[in-house]
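# Fold and contact review
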Amino acid sequence: MIYCIKCGEKAEDGMKFCPRCGAPLPEMSGAEKTHEERKRTAADGAGYFSEQDVKANKAMGVLSYLGILILIPLLAGDKQSEYVRFHMNQGLVLFLVSIAVDILDGRWFWGFQSWLDLGMLNLSWALDILSLILFVLMILGIVYAVRGEKRELPVIGQIHIWK
């Protein structure tokens, strides 16, 4: 529903002119667009999940990207939800890759010191940069989950563990 700037009359979505005074109606901004309109106008190739699925499972989608908290959607999430399965898969891959990076860097992992320490080989800086990249991917995944977008994360998104 949009309103006429001149007289304040309500007008239906998609109308070009005010039904009361005939003045041109403003175009809707991106923030005012509904979920269905975003779905139709996605120019970047990103799909969207159903609005009901996103509303019902948004917390599980966000938790999927928060490290060990991936266990909550894995154990208690709605396995029938395409939204939860998609973000759970990406979060699981991200978590496993971050564990591998931590082990290679010789960090403490779940109470145990890693026996493999590539930090001694002057590769610690590269692993630290990789950890930063994984953190950025985590933030990106959370943003996609909150928006209800079906967009794969760069590099990690092509790996499918959970179907």
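Scroll up for the structure.
This text gives an overview of the structure that appears in the document. In this text, all values refer to a predicted model and were calculated from it rather than measured experimentally.

## As for the overall build of the protein
Along its length, the protein carries five helices and six strands. Listed N to C, the secondary structure of the protein is β-β-α-β-α-α-α-β-β-α-β in terms of helices and strands. The contacts in the protein between residues at least 6 apart in sequence include a share of 48% that link residues at least 24 apart. Total accessible area computed for the protein in this model is approximately 10100 Å², and 64% of it derives from carbon and sulfur atoms.

## Description of the environment of Gly91
Tracing the backbone through its elements, the reader meets Gly91 in helix α4 (residues 82-104). Of the residues examined, Gly91 reaches a relative accessible area of 2% and is grouped as buried. Along the chain, Gly91 and Leu137 lie 46 residues apart, while their C-alpha atoms are 9.6 Å from each other. In this structure, Gly91 is in contact with Ser64, Tyr65 and Ile70, ignoring residues within four places of it in sequence.

## Digging into the packing of aromatic side chains
Following the criterion strictly, the structure yields two aromatic pairs and no others. For the pair Phe49 and Phe86, a centre-to-centre distance of 5.6 Å together with 55° between the ring planes defines the contact as tilted. Residue Phe49 is located in the loop between β3 (47-48) and α2 (51-63), and its partner Phe86 is located in helix α4; the two are separated by 37 residues in the primary sequence. In this structure Phe86 comes out as buried when scored by relative accessible area, which is 14%.

What counts and how
Residues numbered from 1 in each chain as written. Predicted model: local features only at pLDDT ≥ 70, side-chain atom pairs only at ≥ 80, totals over all residues. Heavy atoms only, no water. Helix = DSSP H or I, 4+ residues; strand = E, 2+ residues; numbered from the N terminus. Contact = heavy atoms within 4.5 Å. Areas by Shrake-Rupley, 256 points an atom, 1.4 Å probe, with all protein chains shown as cover. Buried < 20%, exposed > 50% of the residue type's maximum accessible area, 1.4 Å probe, protein only. Phe/Tyr/Trp six-rings, centres within 6.5 Å; stacked < 30°, edge-to-face > 60°.

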